[in-house]
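# An overview of the molecular structure
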Amino acid sequence: MARRGIGAAVGATVLLAVTNRVLYKLALVPMKGFPFFLAQVTTFGYVAVYFSILFLRYRAGIVTKEMLLLPKVYFVVIGVLEALGVAAGMSAGAMLPGPAIPILSQSFLVWQIIFSMLFLKKSYSLNQLCGCFLVISGVIVAITSGSDEGRFLSNVEFIWPMLMIASSAFQAGASILKEFIFIDGERRLKGKRPDIFVVNSFGSGFQALFVFILLPFLSNLRGIRFGDLPAYLNDGASCFLNAGDDQVACDGAPFLPLLFITANMVFNISMLNLVKMSSALVASLTSTLAVPISIYVLSLPLPYIPHGSRLSPSFVFGVSVLLLGLILYNLPKSAKQQKND
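Residues numbered from 1 in each chain as written. Predicted model: local features only at pLDDT ≥ 70, side-chain atom pairs only at ≥ 80, totals over all residues. Heavy atoms only, no water.

Taking an unreviewed UniProt entry as the reference, the protein is identified by name as CRT (Chloroquine-resistance transporter)-like transporter 2 belonging to Rhynchospora pubera. Checking UniProt for the protein, the heading Sequence similarities (unreviewed entry) contains the comment "Belongs to the CRT-like transporter family." Among the UniProt annotations of the protein, the heading Subcellular location (unreviewed entry) holds the following wording: "Membrane". (UniProt positions renumbered as here; feature names shortened; annotations may be inferred.)

Written out as structure tokens, the structure is:
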């Protein structure tokens, strides 16, 4: 029964992950000049929404006072790790060629395996490790299937790929810490796991705090001087609301950005719920499956993006390798392996 519930959660999360990626691309059609503004709206807007939902769930008795009294130091660390992940990722992303970014980001899965073994004392069978390797390989093949840039890291300084890998390490550490909060919280709450909105709200709150502290640095990475930031945010808000002078350039707003923000919020809740039900690694593998599906959907003619693109045979091969890796990872475990999970 539990496996059936996890299977349903996996299916819902894949669907939401694909929807999230596609809507992000569509949201950038009207907001193409203001991606940094859209990122800040999601970061700080989620704090208000998550805490509002948390308050309602507390009033309804779903969230208990004991849940709210869980140690906040873990949430502070999550906030620091996620803010550092954003800073490192943006720093490296500004210096790396486009195809390199999603490929290097696949190190996220590797870091999750390492951290879960070190801090959660988890063990993985050979077929699970091989399955993760095939998933990573499949995503890399699928992503690079249309690239003809050759050795696209040949002219890049060594520090930038390493910084992108470090960004994945920070984010992976945050995801494993969230899983630890659920496990530790179950012990502290005598068998009841913390509500996902407790973890979402405090994690997002501290992330927003540290992103705010790093805002001058982050805006500079996007080519926006700190002194120009108020004007940029004002122009971004005008485009977001489609209330500026050039409404043609912002055609599709505010509908598409709001649709993306809603889908992204539901996706994040679904991901954290999957972490609570299974593990951070299962949630990441689920999200990874959405990458090639999203690429396929985005290759089709869509509203506001009428010109589709053709996928190569190597893309299909990469997807096949990814699916084989997921099947291998999910092969039935022995009783001894299940006990160690």
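A full pass over the atoms with the stated rule returns 11 aromatic pairs. On the basis of an interplanar angle of 50° and a centroid distance of 5.2 Å, the ring pair of Y24 and F260 is categorised as tilted. You can see Y24 sitting in helix α1 (residues 2-27) and its partner F260 sitting in helix α12 (residues 255-277), a full 236 residues away along the chain. Here F34 and Y232 contribute two aromatic rings whose centre-to-centre distance is 5.5 Å and whose plane-to-plane angle is 45°, an arrangement assigned as tilted. With F34 in the loop between α1 and α2 (35-59) and Y232 in helix α11 (residues 229-240), the pair connects residues that are 198 residues apart, well separated along the chain. Note on F34: relative accessible area 17%, which makes it buried. Judged by its relative accessible area of 13%, Y232 falls in the buried class. (Phe/Tyr/Trp six-rings, centres within 6.5 Å; stacked < 30°, edge-to-face > 60°. Helix = DSSP H or I, 4+ residues; strand = E, 2+ residues; numbered from the N terminus. Buried < 20%, exposed > 50% of the residue type's maximum accessible area, 1.4 Å probe, protein only.)

Looking now at a nonpolar patch on the surface. A cluster of nonpolar side chains, F44, L209, F212 and I213, forms an exposed patch at the surface whose accessible area comes to about 390 Å². Of all the elements, helix α9 (residues 196-213) adds the most residues to the nonpolar patch, at 3 residues. If you trace the backbone, I213 turns up in helix α9. (Patch = residues over 30% accessible without salt bridge, like charges linked within 9 Å, V, L, I, M, F, W, Y side chains within 5 Å. Areas by Shrake-Rupley, 256 points an atom, 1.4 Å probe, with all protein chains shown as cover. Salt bridge = Lys/Arg side-chain N within 4 Å of Asp/Glu carboxyl O.)

Once that is clear, we can look at the side chain of S284. Positionally, S284 belongs in helix α13 (residues 280-298). The buried category is assigned to S284, whose relative accessible area is 6%. For S284, the contacting residues outside a window of four places in its chain are F108, L109, Q112 and M271. (Contact = heavy atoms within 4.5 Å.)

Below, the discussion takes up the pattern of salt bridges. All chains considered together, the criterion is met by 7 salt bridges. For E179, the salt bridge goes to K122, with nearest N and O atoms at 2.6 Å. Placement of E179 in helix α8 (residues 159-188) and of K122 in the loop between α6 (107-119) and α7 (126-143) is noted, with a sequence separation of 57 residues between them. The same class applies to E179 as to K122, namely buried. Each member of the salt-bridge network shares a partner with another, and the members are D184, R187 and R188.

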